[in-house]
Amino acid sequence: MRCRVVEPPKVENGAAAPCIPIINSQPLPDLFTSMDRGSRVDPADTRLRIFSGTANPTLAQEIACYMGLDLGKINIKRFADGEIYVQLQESVRGCDVFLVQPTCPPANENLMELLIMIDACRRASAKNITAVIPYFGYARADRKVNFCKFYAKSQGRESIAAKLVANLITGAGANRVIACDLHSGQSMGYFDIPIDHVYGQPVILDYLASKTICSNDLVVVSPDVGGVARARAFAKKLSDAPLAIVDKRRHEHNVAEVMNLIGDVRGKVAVMLDDMIDTAGTIAKGAELLHKEGAREVYACSTHAVFRYQHWTIQEVIITNTIPVSEQNYFPQLTVLSVANLLGETIWRVHDDSSVSSIFQ
């Protein structure tokens, strides 16, 4: 099955939402399809408001469409010197406000825009402000890497930018954060406010379940040792598929060298899982290694995609729309899945003070 990326709807903030783009004109199997959206929306209830920044307005529009709401009207513009101006064009006094803004490239611009949006809502007397961050930038700068003196290269004296960004979001006035697939779990501890960590794996799992792949032929591959826990949980939900690990060495940022493969992939369909595809060096070299070791087909799955297209030997690259995909990065093997239903359901449960973790049980 080949899926093309649907052209994003061209809509303004606050305009009526079109239908949610669904790949192949079919909904993903059993992904919140039982929800009666009409019964959940009370037109007279104006306490719930959703606003979108400029980073990913298409995803925000899809979330609002899933929830049966319209995006709030907001004016965001930039002055000649690059300063960001934000003005809410409707009252949010006493409202439960959700701001959808991933801090994807350009990360600094989108992060600053999110902070100013939070400040505008706080000064407009919003009751609760929740920053919905589908992609949390600076999450990789989550620790100081202090190597032993016996190693050839020492990397001390580094900033922990993930904690700094968490402090900025809290200081701007956010009361809660909803984030999707953080690079590492400890990043949740950097926030001094409640944070709901949403996983994009159910969307990818539903899509893989719709493909005619025998469970005995599957093997889940972690592209590095750090992603073993993520890959093991994913493999358990794929009929408890076996696990393989790529031994990767990173000598500097965005430069990876694939060394060895731990596990057997000969004659198997390898599903390589990562939280993020950045320069795609790890995915490309990992796919080459898997084919060299006898894998029949290779699928690459990732929640976030900040990549540049390369000529990969991969059957299909499966990502989500937490980060908008630029036109020059479209290619035939690319499949983009929407996390709008997942984030929309999370927003409803936060607003209703219901359990969020039960979504993934």
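Quick caveat, the model's predicted, so the values are computed rather than measured. Starting afresh in each chain, residues are numbered from 1 along the sequence in its written order. Predicted model: local features are reported for residues with pLDDT of at least 70 only, side-chain atom pairs are reported and counted for 80 or more only, and whole-chain, interface and lining totals are derived from all residues. Values reported for side chains reflect all heavy atoms of the structure, with hydrogen atoms and water molecules removed beforehand.

(A) Looking closely at the overall build of the chain. To qualify as a helix, a DSSP run of H or I must reach at least 4 residues; to qualify as a strand, a run of E must reach at least 2; elements of each kind are numbered from the N terminus. Each helix and strand counted, the chain has eight helices and 14 strands in total. Exposed residues in this analysis have more than 50% of their type's maximum accessible area, buried residues have under 20%, and partly exposed residues fall in between, with area computed by a 1.4 Å probe over protein chains only. The 361 residues of the chain split such that 51% are buried. Contacts in the chain between residues far apart in sequence, at least 24 positions, make up 64% of those at least 6 positions apart. Using a 1.4 Å probe, the Shrake-Rupley method yields the accessible areas, and only the shown protein chains count as cover for residues. Looking at the chain as shown, the accessible area adds up to about 17300 Å², and 49% of this sits on carbon and sulfur atoms. Here, residues are in contact when the closest pair of their heavy atoms is within 4.5 Å.

(B) The side chain of E113, seen in detail. Note on placement: E113 falls in helix α3 (residues 107-123). Residues in contact with E113, not counting those within four places in the same chain, are G53, T54, A55, I76, R78, I84 and Q101.

(C) Inspection of the pattern of salt bridges at higher detail. A side-chain nitrogen of Lys or Arg and a carboxyl oxygen of Asp or Glu constitute a salt bridge if their distance falls within 4 Å. Summed over the entire model, instances satisfying the criterion amount to 11 salt bridges. Residues K211 and E316 are paired through a salt bridge, measuring 3.1 Å at the closest nitrogen-oxygen approach. Linking K211 in the loop between α5 (201-209) and β8 (218-222) with E316 in strand β13 (residues 316-320), this pair joins segments that are 105 residues apart in sequence. For the pair shown, K211 and E316 are each scored as buried. We note a salt bridge from R230 to D274, for which the minimum N-O separation is 3.9 Å. Residue R230 is found in helix α6 (residues 228-237), and its partner D274 is found in strand β11 (residues 269-277); the two are separated by 44 residues along the sequence.

(D) Summary view of the nonpolar core. Core analysis: the largest hydrophobic core is formed by 43 residues, its most contacted members being I63, M67 and F234. Once residues lying within four places of it in the same chain are set aside, the contact partners of I63 are I50, V100, A340, L343, G344 and I347. To qualify as a nonpolar core, a set must consist of buried Ala, Val, Leu, Ile, Met, Phe, Trp, Tyr and Cys residues joined through side-chain atoms within 4.5 Å. Grouped together as the second largest cluster of nonpolar side chains are 36 residues, F51, C95, L99 and V165 included.

(E) Looking closely at helix α2 (residues 57-67). Taking burial as the measure, the 11 residues of α2 include nine buried ones, the bulk of the element. If you check which residues of α2 are buried, you get T58, L59, A60, Q61, E62, I63, A64, Y66 and M67. Phi turns positive one or two residues past the end of α2, at G68, with a value near 75°.

(F) Spatial organisation of the packing of α5 against α6. Where α5 meets α6, the closest approach of the two axes is 11 Å, and the angle between their N-to-C directions is 40°. On the basis of their axis angle, the class for α5 and α6 is oblique. Our pair here, α5 against α6, has a crossing hand that is right-handed. Between α5 and α6, the contacting residues are Q201, I204, L205 and L208 on the first element and R230, F234 and K237 on the second. Among the residues making up the contact of α5 with α6, the classes are represented as four nonpolar, one polar and two charged. Only C-alpha atoms enter the line fits that serve as axes; for helices the fit covers just the stretch in contact. Angles between N-to-C directions range over 0 to 180 degrees. Comment on the angle field: the value is read as roughly parallel under 35 degrees, roughly antiparallel over 145, roughly perpendicular from 65 to 115, and oblique elsewhere. Crossing chirality is assigned from the near helix's rotation relative to the far helix, an anticlockwise turn below a right angle marking it left-handed and a clockwise turn marking it right-handed. Note on residue categories: nonpolar means Ala, Val, Leu, Ile, Met, Phe, Trp, Tyr, Cys or Pro, charged means Asp, Glu, Lys or Arg, and polar means any other residue, Gly included.

(G) The arrangement of the confidence of the model for the chain in detail. For the chain, the mean per-residue pLDDT works out to 83, and 79% of the residues sit at or above 70. Every residue carries a pLDDT, the predictor's confidence in it, which falls somewhere between 0 and 100. For the stretch residues 1-11, pLDDT sits under 50, and the model shows 28 contacts to residues farther than four places along the chain or on other chains. Note on residues 34-39: pLDDT under 50 across the span, and seven contacts to partners over four residues away in sequence or across chains.

(H) Structural context of helix α4 (residues 161-172). Expected span of a helix: the number of residues minus one, times 1.5 Å. Spanning 12 residues, α4 covers 16 Å between terminal C-alpha atoms, matching the ideal 16 Å at 1.5 Å per step. Every buried residue belonging to α4 is among A161, A162, V165, A166, I169 and A172, and all of these are buried. Along the axis of α4, the buried residues cluster in a sector spanning 145°; they form a single face. Exposed and facing more than 90 degrees away from the buried side of α4 are L164 and G171. One or two residues past the end of α4 sits G173, with phi positive at roughly 125°. Throughout, the arc means that of the directions going from the helix axis to the C-beta atoms.

(I) Molecular detail of the sheet that holds strand β6 (residues 176-180). Paired strands, in this sense, are two strands between which DSSP finds at least two bridges. As summarised here, the arrangement of the five strands in space is β1-β4-β5-β6-β7, forming an open sheet in which the pairing is parallel. In this open sheet, the two edge strands, each paired with only one partner strand, are β1 (48-52) and β7 (195-198). Strand-to-strand twist across the sheet, computed as the mean angle between neighbouring axes with direction ignored, equals 15°. Pairing analysis gives five bridges linking β1 to strand β4 (residues 96-100), with the strands arranged parallel. Its bridge partner being in β4, L48 is matched across the sheet by D96. Of the strands in this sheet, β1 and β4 are in contact with α2, which crosses β1 at around 160°. Sheet strands touched by α3: β1, β4 and β5 (128-133). Its angle to β5, the strand with the most contacts, is close to 165°.

(J) Focus on the state of the cysteines. Here, a disulfide means two cysteine sulfur atoms that sit within 2.5 Å of each other. Scanning all chains against the criterion turns up zero disulfides. Among the cysteines around C121, which has no disulfide bond, C95 carries the closest sulfur, lying 9.7 Å off. When its relative accessible area of 0% is taken as the criterion, C121 is described as buried.

(K) Layout of the pairing of strand β12 (residues 297-305). Most of β12 sits out of view: eight of its nine residues are buried. Bridge count between β11 and β12: eight bridges; the pairing is parallel. Across the sheet, D274 pairs through a bridge with S302, a residue of β12. Crossovers are marked right-handed if the path from the first strand over the helix to the second runs clockwise, as seen with the strands pointing away from the viewer. Handedness of the crossover is the feature at issue here: the chain leaves β11, passes through helix α7 (residues 281-292), returns alongside β12, and the resulting connection is right-handed. Sheet analysis places β12 next to β13, joined by three bridges and oriented parallel. Paired with A300 across the two strands is V317, which belongs to β13.

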